[in-house]
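# Topology and contacts: notes
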Amino acid sequence: MADADAGPSKPPVSKTPKATYTYGNKELDAPAYAEALKSAKARGSASWWSFFTVILTEGVVKLKCTICGEVLGAKNPSATAPNHLMKHSKAAEVLGRQVWHVRTVCWVLLCRQLGLDSWTLGSGTKDVGKAYAETV
Ligand SMILES: [Zn+2]
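The name an unreviewed UniProt entry gives the protein is DUF7963 domain-containing protein, with Volvox carteri f. nagariensis as the organism.

Next comes the structure, spelled out in structure tokens:
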């Protein structure tokens, strides 16, 4: 009884490698991970969440920067997101802002949403704050 047709043994390869993500101590698939990140964002579990939205595209979870629109991988958001925001910190320095703080970006974002220049930062922040209060 020849059993020659078996051929070289191949390792079992799954045709559609599922992206899995580690969250806490759990391994989650992409939709579950996206939900977990969305609820982390909803809780405001980290300050940088203010600047990112969670997107699920073709079974892959990504973070989108609401400042520049860049899409980042979401495997390790607590490292990726602050690193990305540092780029904006550099940009803020170019604009002549000496002190970098997350709140500064927050103001820039706010000013942009209100259609104002980021140059209204500083002495104009109170007025921007008032304008914002009226919009919410
Ligand atoms: Zn960005």
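Don't stop here, the text continues.
A separate point is the environment of Lys-64. Topologically, Lys-64 is positioned in strand β4 (residues 60-65). A sequence separation of 10 residues divides Lys-64 from Ala-74, and the C-alpha atoms of the two residues are 9.3 Å apart.

With that settled, consider unusual backbone geometry. The phi angle at Glu-58 is positive, at roughly 50°, despite the residue not being glycine. Within the secondary structure layout, Glu-58 lies in the loop between β3 (52-57) and β4. Classification of Glu-58 by C-beta neighbours within 10 Å gives exposed; the count is 7.

Bringing helix α1 (residues 30-43) into the picture now. Look at α1: 20 Å from first C-alpha to last across 14 residues, which is about the 20 Å you get at 1.5 Å a residue. Within the span of α1, buried status applies to Tyr-33, Ala-34 and Leu-37. Angular distribution of buried residues about the axis of α1 spans 100°; they occupy a single face of the element. For α1, the exposed residues set more than 90 degrees away from the buried face come down to Pro-31, Ser-39, Ala-42 and Arg-43. Once α1 finishes, Gly-44 follows within two positions and takes phi at roughly 65°, a positive value.

The rules behind the values
Residues numbered from 1 in each chain as written. Predicted model: local features only at pLDDT ≥ 70, side-chain atom pairs only at ≥ 80, totals over all residues. Helix = DSSP H or I, 4+ residues; strand = E, 2+ residues; numbered from the N terminus. Buried ≥ 20, exposed ≤ 12 C-beta atoms within 10 Å, placed from the backbone. Expected span 1.5 Å × (residues − 1). Arc of directions from axis to C-beta.

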